[in-house]
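# Summary of structural features
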Amino acid sequence: MLDPETIKYLKQKFSDYYKEANLQHPARFGRREFGFMFFDRDGMIRHLSFNTRDEIKNFLIENAPAHVYHSSAYYEKPDIPEMDDKIWLGADLIFDLDADHVERAKNLAYAEMLAVVKEETMKLIENFLISDFGFDEKYIKVNFSGGRGYHIHVTDPKAQSLNAYERREILDYITGTGIDYEKVFGKEAYDVLQTGLRRITKRTMRMPKGDAKGWEGKIGRAIIDFITSMETMPREKIISRFQSYGIRKKTAEGIYGDLFEGAVGKRGAEKIKTGKIDIFSKESNLNEFLKIIQNQIKISIGGETDEPVTSDTKRLIRLQTSLHGKTGLKVVGMKIDELKKFEPLRDAVAFSNEPTKIKILKLSSFSLKNEKFDLNEGETELPEFAAVFALCRGLGVKI
Amino acid sequence: MDIGTAVKYPFLEEVVRYIKERNLELKDILFDPLYERARALGKTRVREALEYGEVKEHDFSTEAAQLMEILSYPVARMLVSCINDNFLQRRYALAESVRVYERMLYESRELILQIAQELGLEISSKDESFKIHFSAYLKFSSGLRGGDWKIVNRALEKGYIILNKKDLVRLIQEAVRIKIESELPLKVSAEIDKALESEIKEIKSLLEIRKKAFEPKSLGKVTILKFPPCMRNLVAMIESGENVPHAGRFALTSFLYAIGMSRDEILRIFSGAPDFAEKKAIYQIEHITGKISSTTYTPPECSTMKTYGLCVGGDALCKKEWLTHPLKYYRAKEKKKI
């Protein structure tokens, strides 16, 4: 827990913010459960509900919570502590993309990490939610979490009454879980040998058509795109690219050979373009290649919990326009086209430039609002937004 | 729709109207000697459901036979409601739905669409196939979980899944099963109980015989306590007559075999399933346990169980880092001799 002086300061700042903030409320907020976490106590307070916007606003101003959540679901009686007695009426469809679970975002600096997660978020919306599930843009809202990622809220009425299994199915679709590759690469006869009375039908796997629907089409297109992008690269670069996906050197060399070695016109890559996929010398080469392809397409979403956010029909998620207690940044809600131009470390800043004195406890550096802050131990003066950020992250204390 | 067609699908609104139009009342159907045949057929429906897992083809080529067939359906429902046994209800609903499936495969596109709409499946025609909104698909395929039916293996575009006739009819079967199950038990009176006294007695004794014959007595309390929560749940589902989807049966069968149960003992456990058909179950068990193809399938690991929605959320032992397989759970419990 933070020290008393810092807590006092942060609570004041957060309270001031909530006084002026233009709070956005989820639809039917009277039917939602609210939860809060605080700077000065452990644990979460849940099972609260509010009837009017003023009630919410006043609570936030008075209590200055560090984190503000509401249920994705709406209930007949949101404030009853027993989950089953609340009487579930329906829930928005939620996706939580967090830097911890996006493979490519690991080990990146904060700003780069957020950029990668934003790309993944847009990919999820465009390639899955809109094109495959057919959700209308007007039903899709994105929140920057204020921390390490984005949340997507789908409010389409058709999605409201989906149960946990059904939401899990949607999640499995976007993560490519359970793909039947035999179906994707359907076995087709390509040659029939007649020797005397015996007929031998040779079967091969065929490339899925790029205009097929669902994952079949996605895989077909991804294979062609992938090969095309590699075609002009030198051998070493291609092999190390394969290795960057976690493939062992020997296998990477094997895959390269299968795809790009041989007489021009007879190479694996060319055969693939004519519809054959049976060009790999080893099954393990094919499997590893398919793993790369699947990784290009799927959304890296997921966690170590038993109940992923999406399939949990009783989840608590952050309130749009609230503040994130570990950064002091805003949970910014936006539509898809706003997301394109959104830059979290610039657009989610809630506080002013007012000079603020704090004492830094450890060497640290971060970027906010296009300004770089390199901090040494000891007293320093920072613009308010940077001071709040540093204090929330425990990098310093208020003096 | 002509009555000759509607009689094949007794759950349709048409059929209800047909009965009303003839000013037939419940007491007529229950007591009037004129409808003796309908009562006998009603009992036959339930008996067939119990013994074969499907309502068989009956003859209704004459108008008189049609009427008896139509009336046999409400009789069967009342019979099942009087007995009020969970397993019987599920078994009966399934049996009626299987008969619907067998018949609908041969019907025209127009009729299929019409019946689908009435059952609440929003389907439309698309060239030679059909299309259904993914939310409706998910709703009606929930009992079919795993493999082919997962939407990740389906042609999904702009919210709609393209289905061929066979798959659509399979969904219709599910819709019928769910509908009938949800309507049972009907409210019955002492009068109805009395009228169907002998039929109730007969079905009840058949039910008892069945339950006794397949009592899983070898599954002692001690053994089942060593099962991981997922497997315990699957056993419980079967014992309470719930329909366990294919992936669940596969997981349970391969698990039970791996811990040393014999094929007979495994068969006993599955006999509680509402769609239990002995020959088919024997075949499936033998296939999974390697008797037929000499491939013994290993039971799925925890992550696979989660994908198929079979993990019920683990207990403390499940949450251990090394616990990645239901068999590891069982072996851990064996060692500790808990």
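Note that the structure is predicted; figures quoted are calculated from it, not measured. (Residues numbered from 1 in each chain as written. Chains lettered and ligands numbered in written order. Predicted model: local features only at pLDDT ≥ 70, side-chain atom pairs only at ≥ 80, totals over all residues. Heavy atoms only, no water.)

## Topic: the overall build of chain B
Broken down by element type, chain B carries 18 helices and four strands. Here the C-alpha radius of gyration of chain B, 22 Å, is about what a compact globule of 338 residues would show, namely 20 Å. The C-alpha extent of chain B, read off along each of the three principal axes, is 70 × 50 × 35 Å. The 338 residues of chain B split such that 52% are buried. Put simply, 71% of the contacts in chain B that link residues at least 6 apart link residues at least 24 apart. As presented, chain B carries roughly 16,000 Å² of accessible surface, and 51% of it is formed by carbon and sulfur atoms. Put simply, chain B has 55 plus and 48 minus side-chain charges, and the middle of one group is 8 Å from the middle of the other. (Helix = DSSP H or I, 4+ residues; strand = E, 2+ residues; numbered from the N terminus. Rg over C-alpha atoms; globule rule 2.2 N^0.38 Å. Buried < 20%, exposed > 50% of the residue type's maximum accessible area, 1.4 Å probe, protein only. Contact = heavy atoms within 4.5 Å. Areas by Shrake-Rupley, 256 points an atom, 1.4 Å probe, with all protein chains shown as cover. Lys, Arg positive; Asp, Glu negative; His and termini not counted. Charge placed at Lys NZ, Arg CZ, Asp CG, Glu CD.)

## Quick word on the overall build of chain A
Tallying secondary structure elements over chain A gives 14 helices and 17 strands in all. The principal-axis extents of the C-alpha atoms in chain A amount to approximately 90 × 55 × 30 Å. Within chain A, the proportion of its 399 residues that are buried is 50%. With the model as given, the accessible surface of chain A reaches about 19,200 Å², and the carbon-plus-sulfur share is 47%.

## Let's talk about the side chain of Asp156(A)
Residues and elements named next belong to chain A. Within the element layout of this structure, Asp 156 appears in the loop between β8 (149-154) and α4 (157-160). One buried charged residue, Asp 156, remains without a salt bridge, the closest side chain of opposite sign being Lys 158 at 6.1 Å. Looking at Asp 156, its side chain comes within polar contact range of the main-chain nitrogen of Lys 158, at 2.8 Å. If we ignore the near neighbours within four places in the chain, the residues touching Asp 156 are Phe 135 and Tyr 139. (Salt bridge = Lys/Arg side-chain N within 4 Å of Asp/Glu carboxyl O. Polar contact = N/O pair within 3.5 Å; in protein donor to acceptor, adjacent residues only side chain to side chain.)

## Structural notes on helix α9 (residues 165-183) of chain B
Since one α-helical turn is 3.6 residues long, residues separated by three or four positions face the same way. Between its first and last C-alpha, α9(B) extends 27 Å over 19 residues, near the 27 Å set by a 1.5 Å rise per residue. Of all the residues in α9(B), the buried ones are Asp167(B), Leu168(B), Val169(B), Leu171(B), Ile172(B), Gln173(B), Glu174(B), Ala175(B), Val176(B), Arg177(B), Ile180(B) and Glu181(B). (Expected span 1.5 Å × (residues − 1).)

## Looking at the nonpolar core
If you look at the biggest cluster of nonpolar residues, it comprises 191 residues, and the most contacted ones within it are Phe242(A) and Leu121(B). Considering each element in turn, this core owes the most residues, 13 residues, to helix α5 (residues 63-83) of chain B. Not counting residues up to four positions away in its chain, the partners in contact with Leu121(B) are Ala116(B), Ile132(B), Phe140(B), Leu168(B), Leu171(B), Ile172(B) and Ala175(B). Residues Cys230(B), Val235(B), Ile285(B) and Tyr330(B) belong to the second largest nonpolar core, which totals 27 residues. (Core = buried A, V, L, I, M, F, W, Y, C linked by side-chain atoms within 4.5 Å.)

## Thoughts on the pairing of strand β2 (residues 44-48) of chain A
Put simply, side chains in a regular strand alternate between the two faces of the sheet. Here strand β1 (residues 34-37) of chain A runs beside β2(A); their pairing, made up of three bridges, is antiparallel. Directly across from Phe34(A), in β2(A), lies its bridge partner Leu48(A). (Pairing = 2+ DSSP bridges.)

## Comments concerning the interface of chain B and chain A
Listed per partner, the contact involves 25 residues of chain B and 25 residues of chain A. Each partner contributes to the roughly 2,400 Å² buried at the junction of chain B and chain A, and carbon and sulfur atoms together form 55% of this total. Its largest share of buried area at the contact with chain A, chain B owes to Val152(B), Asn153(B) and Leu156(B), together 23% of the area lost on that side. Counting every contact that joins chain B to chain A gives three salt bridges. Here Glu157(B) and Lys213(A) are joined by a salt bridge, their closest N and O atoms 3.2 Å apart. Remark: the boundary between chain B and chain A carries 12 residue pairs in polar contact (both at pLDDT 80 or more). When residues of the side of chain B that touches chain A are traced back to their parent elements, those giving at least two are α8 (134-140), β3 (156-157) and α17 (302-307) of chain B. (Buried area = accessible area lost by both parts, 1.4 Å probe.)

## Quick look at helix α5 (residues 164-175) of chain A
All names here are of chain A. Compared with the 16 Å implied by 1.5 Å per residue over 12 residues, the 16 Å span of α5 between its first and last C-alpha is a close match. Of the positions making up α5, those classed as buried are Glu 166, Arg 167, Arg 168, Glu 169, Ile 170, Leu 171, Asp 172, Tyr 173, Ile 174 and Thr 175. Residue Asn 163 occupies the N-cap position of α5, its side-chain oxygen lying 3.1 Å from the main-chain nitrogen of Tyr 165. Directly after α5, the chain includes Gly 176, whose backbone phi takes a positive value near 65 degrees.

## Regarding unusual backbone geometry
Residue Pro185(B) is reached from Leu184(B) by a cis peptide bond, and omega for that bond is -5 degrees. Here Pro185(B) shows up in the loop between α9 and α10 (190-195). A positive phi angle is found at Arg28(A), which is not glycine, with a value near 55 degrees. Secondary-structure assignment places Arg28(A) in the loop between α1 (4-20) and β1. Judged by relative accessible area, Arg28(A) falls into the partly exposed class, the value being 48%. The phi dihedral of His47(A) falls on the positive side, at around 60 degrees, and the residue is not glycine. Here His47(A) lies in strand β2. The partly exposed category is assigned to His47(A), whose relative accessible area is 21%.

## Description of the environment of Ser131(A)
Residue position: Ser131(A) is located in the loop between α3 (110-130) and β7 (140-144). Note on Ser131(A): relative accessible area 26%, which makes it partly exposed. Along the sequence, Ser131(A) and Gly214(A) sit 83 residues apart, while their C-alpha atoms lie 9.5 Å from each other. Setting aside anything within four residues of it in sequence, one finds Ser131(A) in contact with Glu126(A), Glu157(B) and Lys158(B). Within the structure, Ser131(A) has its side chain in polar contact with the backbone oxygen of Asn127(A) (distance 2.8 Å).

## Let's talk about empty space enclosed by the protein
Residue and element names in this part refer to chain B. One pass over the structure, following the stated rule, counts four cavities of 30 Å³ or more. Lining the second largest cavity are Lys 8, Pro 10, Phe 11, Arg 45, Tyr 73, Glu 96, Arg 99, Val 100, Arg 103, Val 176 and Ile 180. Mapped onto the lining of the second largest cavity, the elements with two or more residues apiece are α6 (86-104) and α9. The biggest single contributor to the lining of the second largest cavity is α6, with four residues. Residue classes in the lining of the second largest cavity are distributed as six nonpolar, no polar and five charged. (1 Å grid on protein atoms, 1.4 Å probe; cavity = no way out; pocket = protein on both sides within 12 Å on 5 of 7 lines; lining within 4 Å. Points joined across faces, edges and corners; volume = space filled by probe spheres on them. Nonpolar A, V, L, I, M, F, W, Y, C, P; charged D, E, K, R; others polar.)

## Thoughts on the packing of aromatic side chains
Using the criterion set out here, one finds 35 aromatic pairs over all chains in the structure. A ring pair is formed by Phe34(A) and Phe36(A), whose centres lie 6.5 Å apart and whose planes are at 15 degrees; its orientation type is stacked. Phe36(A) carries the same exposure label as Phe34(A), and that label is buried. Aromatic pair Phe226(A) and Phe242(A): ring centres 6.1 Å apart, planes at 25 degrees, arrangement stacked. Linking Phe226(A) in helix α7 (residues 214-230) with Phe242(A) in helix α8 (residues 235-244), this pair joins segments that are 16 residues apart in sequence. Taken together, the ring pairs connect Phe128(A), Phe133(A), Phe135(A), Tyr173(A), Trp215(A) and Phe134(B) into an aromatic cluster. Sitting over the ring of Tyr160(B), Lys131(B) keeps its end group 4.8 Å from the ring centre. (Phe/Tyr/Trp six-rings, centres within 6.5 Å; stacked < 30°, edge-to-face > 60°. Lys NZ or Arg CZ within 6 Å of the ring centre and 35° of its normal.)

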